[in-house]
Amino acid sequence: MIRNLLCWVVLAFVVVSCDKSYVTPDPVARGLNFYPLEVGDYRIYNVKDIKYQHNEPTELNFQMREWVADSFMDQTNTLTYKIIRSIRANAASEWVDDSVMTVTKNHNMVMLTRDNTRYVKLVFPVEEGKKWETDAYNDHYDANGDREIYKYSDIDKPFLVDGHEFTNTVTITILPPVISETTTLDNRKEVYARDLGMVYRLFSRINMAKCGAGPGECVDGPDYILDGHERHEVLIEHGKL
């Protein structure tokens, strides 16, 4: 009797200990809702795309939609979402499919695959100042053989752009690679909001005219743009199809 009672006590202790040793991760605390992902979700962005050539800008304005069209199990038995990107000239025009991407998401990261290349878009938990390599799963390196680094900042802060205000956002700054010439301006960032996903993206790479060492030695002027690309994407609508 005493032996049986002792066995039950030991078993109960083991079960309780095992139960306390495993805690289910809180998806909100880890920041998983910065990237909601369900079949049928869509987001529409206003896009301003500017190309520079010899200080002359050419600007295009259009709309872009990203729609989670389907989900499937890939070859590694991982749940994968198919996202179709479409564009149109304006709200009165028809959508035209532009490209297809796939996304996988777990408690550690969001992985996006485009043109057979994988990118780590977010890592969890979302923490102030946290850094990671977006190209950790591909063979992209900069001119110095280094990886491009993403960094979190301004977690759960409001974000205002073009009259659109979003609450509880996080900003991801893409730290540019080391550039030997001082004439290249590289400014890239993405902003995500809880339960919305990406609400803003900036891509800007501008090559400025080279200047001499002394004052007044800029042949074309200090603000002369040789070439470059600047793109802004602002979320204006979201929902489910």
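All values derive from a computational prediction rather than experimental measurement.

1. Digging into the nonpolar core
Ranked by size, the top nonpolar core spans 42 residues in total, and within it Tyr35, Leu122, Tyr152, Phe166, Tyr192, Val199 and Tyr200 carry the most contacts. Look past the residues within four positions of Tyr152 in its chain and what remains in contact with it is Leu122, Val123, Pro125, Val126, Glu127, Glu128, Gly129, Lys130, Trp132, Val170, Thr171 and Ile172. Ile50, Tyr52, Met208 and Ile225 belong to the second largest nonpolar core, which has five residues in total.

2. Details of the confidence of the model for the chain
Residues shown with low pLDDT carry predicted positions that ought not to be read at fine detail. The share of residues in the chain with pLDDT of 70 or more is 81%, and the mean pLDDT across the chain is 87. Looking at the elements of the chain, mean pLDDT is at its lowest for helix H1 (residues 2-21), recorded as 49, and at its highest for strand E3 (residues 79-88), recorded as 98. Confidence drops under a pLDDT of 50 for residues 13-17, and excluding neighbours within four residues, the segment shows zero contacts in the predicted structure.

3. Let's talk about the sheet that holds strand E6 (residues 117-123)
Read from one edge of the open sheet, 12 strands run E6-E5-E4-E3-E2-E1-E12-E11-E10-E9-E8-E7, paired in antiparallel fashion. In this open sheet, the two strands that pair with only one neighbour each are E6 and strand E7 (131-133). Going across the sheet, the axis of each strand differs from the next one's by a mean of 25 degrees, ignoring polarity. Across nine bridges, strand E8 (residues 149-161) lies against strand E9 (residues 164-175) in antiparallel orientation. The residue bridging Lys151 from the neighbouring strand is Thr173, located in E9.

4. Section: the side chain of Ser204
Within the element layout of this structure, Ser204 appears in strand E11 (residues 197-208). Every residue in contact with Ser204, bar those within four places of it in the chain, is listed here: Leu185, Asp186, Asn187, Arg188, His229 and Glu230.

Conventions used here
Residues numbered from 1 in each chain as written. Predicted model: local features only at pLDDT ≥ 70, side-chain atom pairs only at ≥ 80, totals over all residues. Heavy atoms only, no water. Core = buried A, V, L, I, M, F, W, Y, C linked by side-chain atoms within 4.5 Å. Buried < 20%, exposed > 50% of the residue type's maximum accessible area, 1.4 Å probe, protein only. Contact = heavy atoms within 4.5 Å. pLDDT = per-residue confidence, 0-100. Helix = DSSP H or I, 4+ residues; strand = E, 2+ residues; numbered from the N terminus. Pairing = 2+ DSSP bridges. Axes fitted to C-alpha atoms, helices over the stretch in contact; angles between N-to-C directions.

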